[in-house]
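# Understanding the architecture of this molecule
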Amino acid sequence: MPVLACATALAMRVLALHFQPYVTFDGTEYVRFAEALRRGQPFASVFPPGYPALIALARTLVEDRVGAAVAVSLACGTLLPLPVWWLARRALSSRWAAVPAFVVALHPELARFSAVTMSE
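Residues numbered from 1 in each chain as written. Predicted model: local features only at pLDDT ≥ 70, side-chain atom pairs only at ≥ 80, totals over all residues. Heavy atoms only, no water.

What follows deals with a nonpolar patch on the surface. On the surface, Leu-92, Trp-96, Val-99 and Val-103 cluster together to form a nonpolar patch covering roughly 370 Å² of accessible area. Relative to the helices and strands, Val-103 resides in helix H6 (residues 98-106). Here Val-103 falls in the partly exposed class, since its relative accessible area comes to 48%. (Patch = residues over 30% accessible without salt bridge, like charges linked within 9 Å, V, L, I, M, F, W, Y side chains within 5 Å. Areas by Shrake-Rupley, 256 points an atom, 1.4 Å probe, with all protein chains shown as cover. Salt bridge = Lys/Arg side-chain N within 4 Å of Asp/Glu carboxyl O. Helix = DSSP H or I, 4+ residues; strand = E, 2+ residues; numbered from the N terminus. Buried < 20%, exposed > 50% of the residue type's maximum accessible area, 1.4 Å probe, protein only.)

Shown next as structure tokens:
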């Protein structure tokens, strides 16, 4: 069931990519932060290094800087139903655990945020 929720999340996020072709202001800083990490240079930022580190890692597979950031956002958004299902399985009966996972997979705002390079 969680695999189906992740597949649903992927479909929603790919659809959202067609309507969110921009990078937010924070997203540009994350991309610059990731590039500094790749070059081993210091970068003063108010943001934590986790997302930029993932973007820098994705740059080994994706040539475009913004494309790498979108790939990270897309991957994280696609996998989001997994921890939700895992937590719901512990709080609810196993019969109902898939409901929160599918809510997260189908939620339009979460899909939109997973298609944009941003701090959130």
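Moving on, we get to the nonpolar core. Within the largest apolar cluster, 11 residues are counted, these being Tyr-30, Val-31, Ala-34, Phe-47, Tyr-51, Ile-55, Ala-56, Ala-58, Ala-68, Ala-69 and Val-72. Mapped by element, the contributors of at least two residues to this core are helix H2 (25-39), helix H3 (50-58) and helix H4 (65-79). Considering every element that reaches this core, the biggest residue donor is H3, with 4 residues. In this structure, Ala-5, Trp-85, Ala-88 and Ala-101 belong to the second largest nonpolar core, which totals 7 residues. (Core = buried A, V, L, I, M, F, W, Y, C linked by side-chain atoms within 4.5 Å.)

Among the structural elements, Val-84 can be located in helix H5 (residues 81-91). In the structure, Val-84 is positioned 14 residues away from Ala-98 in sequence and 8.7 Å away in space, judged by C-alpha atoms. Sequence-distant contacts of Val-84, defined by excluding residues within four places in its chain, comprise Pro-100, Ala-101 and Val-104. (Contact = heavy atoms within 4.5 Å.)

We now examine the confidence of the model for the protein. Overall, the predicted model of the protein reaches an average pLDDT of 88, with 98% of residues at or above 70. Model confidence for the protein, summarised as mean pLDDT per element, is weakest for helix H7 (residues 108-113) at 88 and strongest for H6 at 94. (pLDDT = per-residue confidence, 0-100.)

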